[in-house]
Amino acid sequence: SQTIHQWPATLVQPVGSPLSLECTVEGTSNPNLYWYRQAAGRGLQLLFYSVGIGQISSEVPQNLSASRPQDRQFILSSKKLLLSDSGFYLCACRRGNQPQHFGDGTRLSIL
Amino acid sequence: DAKTTQPNSMESNEEEPVHLPCNHSTISGTDYIHWYRQLPSQGPEYVIHGLTSNVNNRMASLAIAEDRKSSTLILHRATLRDAAVYYCILRDGTSGSRLTFGEGTQLTVNP
């Protein structure tokens, strides 16, 4: 079965600092990969998804970017964080018609 | 993406059945009905999905209306560990690779 690793679990960053969140997947190959953000008490907002290496689709205009340098690696980045980038960031993967699986997320606080 | 409507919150007592409703009146013929749940500070967890027929698994049952414009997630005996936000989501089985999350239903289970 698929396992999704996300780190760190929590992160506190100052406004204007860079960001790099990494997600790696085990137990599958050539998955679709997703980055979601969840504001406190709200549903999940899809930020990016990828159907293959180097292929990134952005769902909403924002201060973030994503990259997929390897088949099972998905990275979320920012050059300069804003206060509005705070939230709970979740990586997910899906293979074919199987259900989508989520990691345990990174809680990002911007000060 | 077709929209789903769920109650904001529901309450149940431990060891009693719980019926979580979802309306999806604009569902298309190729949309699958997916249910996920999210415990506090964790990523969403897949519960069940179906297309037309009722479905059962070890976690829950999914009852789908004959016209497919609504569905009900059934937890046969609620436990305290079932307290979570439950999301009802439609996914296009032909081309859709994304899940669009709404606000979900916050289920409280009373001891």
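All of these numbers come straight from a predicted model, not from anything done at the bench.

Quick notes on the rules
- Residues numbered from 1 in each chain as written.
- Chains lettered and ligands numbered in written order.
- Predicted model: local features only at pLDDT ≥ 70, side-chain atom pairs only at ≥ 80, totals over all residues.
- Heavy atoms only, no water.
- Helix = DSSP H or I, 4+ residues; strand = E, 2+ residues; numbered from the N terminus.
- Rg over C-alpha atoms; globule rule 2.2 N^0.38 Å.
- Buried < 20%, exposed > 50% of the residue type's maximum accessible area, 1.4 Å probe, protein only.
- Contact = heavy atoms within 4.5 Å.
- Areas by Shrake-Rupley, 256 points an atom, 1.4 Å probe, with all protein chains shown as cover.
- Pairing = 2+ DSSP bridges.
- Phe/Tyr/Trp six-rings, centres within 6.5 Å; stacked < 30°, edge-to-face > 60°.

Novice: Please explain the overall build of chain A as it appears in this structure.
Specialist: Across its full length, chain A holds zero helices and eleven strands. Helices (α) and strands (β) of chain A occur, in sequence order from the N terminus, as β-β-β-β-β-β-β-β-β-β-β. For 111 residues, the compact-globule estimate of 2.2 N^0.38 gives 13 Å, and chain A sits close to it at 13 Å. With the principal axes as the frame, chain A shows a C-alpha extent of 40 × 25 × 20 Å. Looking at chain A residue by residue over its 111 residues, the buried ones come to 50%. Long-range pairs, those at least 24 residues apart, make up 54% of the contacts in chain A with a sequence separation of at least 6. Total accessible area computed for chain A in this model is approximately 5,200 Å², and 50% of it derives from carbon and sulfur atoms.

Novice: When you look at the sheet that holds strand E2 (residues 18-23) of chain B in this model, what are you seeing that I'm missing?
Specialist: Paired through their backbone hydrogen bonds, the strands of a sheet run either parallel or antiparallel. Pairing is antiparallel in the open sheet, where four strands are placed in the order E2-E7-E6-E5 (chain B). The outermost strands of the open sheet, each flanked by one partner alone, are E2 and strand E5 (55-56) of chain B.

Novice: How should I be thinking about the packing of aromatic side chains in this particular structure?
Specialist: To describe a pair of aromatic rings, you give the distance between the ring centres and the angle between the ring planes. Within the structure shown, the criterion is met by ten aromatic pairs over all chains. Between Tyr 36 of chain A and Phe 102 of chain A, the aromatic rings sit 5.5 Å apart at their centres with planes inclined by 45°, giving tilted as the arrangement. Of this pair, Tyr 36 of chain A sits in strand E4 (residues 32-38) while Phe 102 of chain A sits in strand E10 (residues 101-102), and the two are 66 residues apart along the sequence. Both residues of the pair, Tyr 36 of chain A and Phe 102 of chain A, count as buried. When the centroid spacing of 5.7 Å and the interplanar angle of 85° are considered together, the rings of Tyr 36 of chain A and Phe 101 of chain B count as edge-to-face. Taken as a pair, Tyr 36 of chain A in strand E4 and Phe 101 of chain B in the loop between strand E8 (84-92) and strand E9 (105-110) lie in two separate chains rather than in one. For Phe 101 of chain B, a relative accessible area of 8% puts it in the buried group. By the ring-pair criterion, three or more aromatic residues cluster together here, those being Tyr 34, Tyr 36, Tyr 49 and Phe 102 of chain A together with Tyr 36, Tyr 46, Tyr 87 and Phe 101 of chain B.

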